[in-house]
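# Survey of secondary and tertiary structure
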Amino acid sequence: MPPPFHQHGSFPAMWFRNLQIYRLPENWGLTVETLNEKLAARPFAPCGSQDMASRGWSSPTKDDRFVLAVGGHFLIALMVEQKLLPSSVVNEVAADKAEQIEAQQGFKPGRKQMKEIKEAVLQELLPRAFTRRRKVYAWIDPKGGWLVIDAASPARAEEVLDALRDTLDELPVKMVKTQLSPVSVMTDWLAANQACGNFTIDLDCELRAVTDEKAAVRYVRHALDGKDVQDHLAAGKLPTRLAMTFDDRISIILTEKMEIKRVAFLDVIKEEAERQADAADMQMEADFALMSGELSRLIPALLEALGGEVRDAVI
């Protein structure tokens, strides 16, 4: 039986927890065969002895495929490995060596010599540094025109965009922008104690003042229909994060920057996944089909709630 998918349970790795959303160009016609071939040409390789970091494409399915394709949707994965070598450790070892050199030459090393000492220490410690790996998934929907990256921040998503640009030679994606700002829509929803469309307001929210003090109040698992929330709105605080549920199927937190965090597929999705698993030879294909189908409904509905999409500049 698959692991639970409910809001506070554990998720299989490929079920997205965060959504950084980008718009693909119209008629983006890269086939799964071409995409797989290009990704396979740049596979992940571990860091060399003198490398601080390494990245490359990895199989999202733990087999020899670099692209999982189901129903016209593609799932890809970027593996990133980083050496764990804090600057404080380098500085400490460099300071010890500088003391030894000072004792030998009779005066403290100057700025240029200290720079050379630190570089030498770095080269000495790198081969012995521990490494950390992480896999970042991206969902490509050529028909719907979406590139969605499971990353908690734009900086982490940019790693995948950079790797795709290097691999595909170009990637003319656009930031998704809406007619209305998330802040204005979240403010209206909280003021009315009601969301629009198939969205409902949940129990988490952050309100922040626009003054220099940036005073903030955060609600966690707390009803948001009380007078205290209305008082904060009346005092000029604006919502920067708001938890909501779409169609009783997916709960999310929307941020002021149009980032979607803490995605959770609710029990009804778990039940469907279990039914599909009974008839599916491969669990991951069934999971990906279900996830991509649900997100294909969520994203357009959210953009509509935010006044519709604005087609804008390529990044």
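Refer to the structure printed above.
The text that follows walks through the structure, step by step, so that each part is easy to find. (Residues numbered from 1 in each chain as written. Predicted model: local features only at pLDDT ≥ 70, side-chain atom pairs only at ≥ 80, totals over all residues. Heavy atoms only, no water.)

### A word on the environment of E206
In this structure, E206 sits in strand β9 (residues 199-208). E206 gets classed as buried once you look at its relative accessible area, which sits at 7%. On a C-alpha basis, the gap between E206 and T255 in space is 9.3 Å, while along the polypeptide they are 49 residues apart. Setting aside residues no more than four positions away along its own chain, E206 makes contact with V217, R218, L238, P239, T240 and R241. Here R208 takes part through its side chain, which lies 3.4 Å from a polar atom of the side chain of E206. (Helix = DSSP H or I, 4+ residues; strand = E, 2+ residues; numbered from the N terminus. Buried < 20%, exposed > 50% of the residue type's maximum accessible area, 1.4 Å probe, protein only. Contact = heavy atoms within 4.5 Å. Polar contact = N/O pair within 3.5 Å; in protein donor to acceptor, adjacent residues only side chain to side chain.)

### Details of the pairing of strand β13 (residues 260-265)
Of all 6 residues in β13, 5 are buried, a share of seventy percent or more. In terms of strand pairing, strand β12 (residues 250-255) meets β13 through 4 bridges, oriented antiparallel. Directly across from S251, in β13, lies its bridge partner A264. Here β12 folds back onto β13, and the loop between the two strands holds 4 residues, one of which, M258, carries a positive phi near 65 degrees. (Pairing = 2+ DSSP bridges.)

### A closer look at helix α4 (residues 154-168)
In this model α4 runs 20 Å from its N-terminal to its C-terminal C-alpha over 15 residues, within 8% of the 21 Å that 1.5 Å per residue would give. Looking only at α4, the buried set comprises A157, E159, V160, L161, A163, L164, T167 and L168. Next to the buried residues of α4 lie β1 (20-23), α1 (32-40), β2 (53-58), β4 (73-84), β5 (130-141) and β6 (146-149). D169 occupies a position one or two residues after α4 and carries a positive phi of about 75 degrees. (Expected span 1.5 Å × (residues − 1).)

### Some remarks on the packing of helix α2 (residues 87-105) against helix α3 (residues 111-125)
For the pair α2 and α3, the least separation of the axes is 9 Å and the interaxial angle reads 125 degrees. In terms of orientation, α2 lies oblique with respect to α3. Of the two elements, α2 crosses α3, and the hand of that crossing is right-handed. Here α2 contributes V89, V90, N91, V93, A94, K97, A98, I101 and Q105 to the contact with α3, which in turn contributes Q113, M114, I117, K118, V121, L122, E124 and L125. (Axes fitted to C-alpha atoms, helices over the stretch in contact; angles between N-to-C directions. Parallel < 35°, antiparallel > 145°, perpendicular 65-115°, else oblique. Left-handed = near helix turned anticlockwise from the far one by under 90°.)

### Quick look at the nonpolar core
Nonpolar side chains in soluble globular proteins tend to be buried together. By size, the foremost hydrophobic cluster in this structure holds 48 residues, and its most contacted members are L19 and F199. Residue contributions to this core peak at 10 residues, all from helix α8 (residues 283-305). Excluding its chain neighbours within four sequence positions, the residues that come into contact with L19 are V148, I149, E259, I260, V263, L295 and L298. (Core = buried A, V, L, I, M, F, W, Y, C linked by side-chain atoms within 4.5 Å.)

### Here we look at the side chain of E259
Assignment of secondary structure puts E259 in the loop between β12 and β13. Overall, the relative accessible area of 9% leaves E259 in the buried class. Not counting residues up to four positions away in its chain, the partners in contact with E259 are L19, Q20, A152, P154, I253 and L254.

### What about the side chain of T178?
Looking at where T178 falls in the secondary structure, it is placed in strand β8 (residues 177-178). From its side chain, T178 meets the backbone oxygen of L180 in a polar contact 2.6 Å long. The contacts of T178, once residues within four sequence positions are left out, are L303, L306, G308, E309 and V310.

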